[in-house]
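Structural features, examined
Residues per chain, in single letters:
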Amino acid sequence: GTLMSISSYEHYKANDYRDQDFVDVPTIARPGETKFSVGNAQFGTYDIRSKTQEFRYVSPDVGKLRYVAGLWWAQNEIDRHFIRGFCVRPSVCTASSPSSPTNYYTDIYNVNRAVFGQATWDLYPTYTLVAGLRRNVETSGFNYLRNFYTDQLDRSTFVPGPVGQDQFSSSGNRDWATTGKLSIQKQINSDWMVYAMTATGYKGLAYDVTSGLKAAAAFPVSPETSRSWELGTKANLFHNRMSLAATIYKTDFKNY
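Now for a description of the structure that goes with this document. (Residues numbered from 1 in each chain as written. Predicted model: local features only at pLDDT ≥ 70, side-chain atom pairs only at ≥ 80, totals over all residues. Heavy atoms only, no water.)

This part covers the overall build of the protein. Scanning the protein from N- to C-terminus turns up 0 helices and 10 strands. Sequence-ordered secondary structure for the protein, helices as α and strands as β, is β-β-β-β-β-β-β-β-β-β. The 256 residues of the protein split such that 34% are buried. Of the contacts formed within the protein by residues at least 6 apart in sequence, a portion of 66% connects residues at least 24 apart. For the protein, the accessible area works out to roughly 15,800 Å², and carbon and sulfur atoms hold 57% of it. (Helix = DSSP H or I, 4+ residues; strand = E, 2+ residues; numbered from the N terminus. Buried < 20%, exposed > 50% of the residue type's maximum accessible area, 1.4 Å probe, protein only. Contact = heavy atoms within 4.5 Å. Areas by Shrake-Rupley, 256 points an atom, 1.4 Å probe, with all protein chains shown as cover.)

Following this line, the structure appears as structure tokens:
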């Protein structure tokens, strides 16, 4: 067999800017002004860092039984900063102003740990059984802070917003999940096979940390789970001049 170590690191950073009124002339009069002077700008940054580490043991690709087993670890960190609207003084920087001003910072994290395995067994000369299982635990959470600038053009005037400082956090949320796969394949001849498969899926806890987050909604969204059934066929015909792949499938989701 072969023991493998697979490591990865990814860093993604994006700056976004949108003129929400979609015109090239001022459309908003800031509080205290008598004429339009600014556009409805919305902008911010995403900073995403992902790390993974996998150890995998793979059996030789010979014989009636082949298998793979391994350990998995992954960590994702997402930082978001978003600004919308303009304020001049705290007393006139309100959520009912034309640009609905907001300025928030949030960070989200999740850590996944899993053990997994899959085996392929040629139980008869033309039949193959494939079975896989994964046990996963995910720990996740977020921090959220919303404040305002008294003057959008002067970033030194950082003060709490008109309704006070909005600050939420939720950390150490742990969720266990078990997913699996089972399929049977029939080799009709050397060029044609058919199969049937069922599998389960899982997506972990999520957090709706948008600009309108309120305390009543600052909780994790339930994990999404799925179960799928599939029937299909694959073939290479006419001395490999034609390839065929056809599938019928059905997937049921919970907490989509």
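Resuming the write-up.
In this section: the side chain of Thr233. As for its placement among the helices and strands, Thr233 is situated in strand β9 (residues 224-237). Accessibility expressed as a relative area gives 13% for Thr233, which makes it buried. Among the polar contacts listed, one links the side chain of Thr233 to the backbone oxygen of Met193, at a separation of 2.9 Å. (Polar contact = N/O pair within 3.5 Å; in protein donor to acceptor, adjacent residues only side chain to side chain.)

Looking at the secondary structure, you find Arg174 in strand β7 (residues 166-189). For the pair Arg174 and Thr139, spaced 35 residues apart in the sequence, the C-alpha separation amounts to 4.4 Å. Aside from chain neighbours lying at most four places away, what touches Arg174 is Val137, Glu138 and Thr139.

Following the criterion strictly, the structure yields 8 salt bridges and no others. When the shortest N-O distance is used, the salt bridge between Arg49 and Glu77 registers 3.5 Å. Here the residue Arg49 occupies a position in strand β2 (residues 41-58), and Glu77 occupies one in strand β3 (residues 65-84), the gap between them amounting to 28 residues. Taking the relative accessible area as the measure of exposure, Glu77 reaches 28% and is therefore partly exposed. (Salt bridge = Lys/Arg side-chain N within 4 Å of Asp/Glu carboxyl O.)

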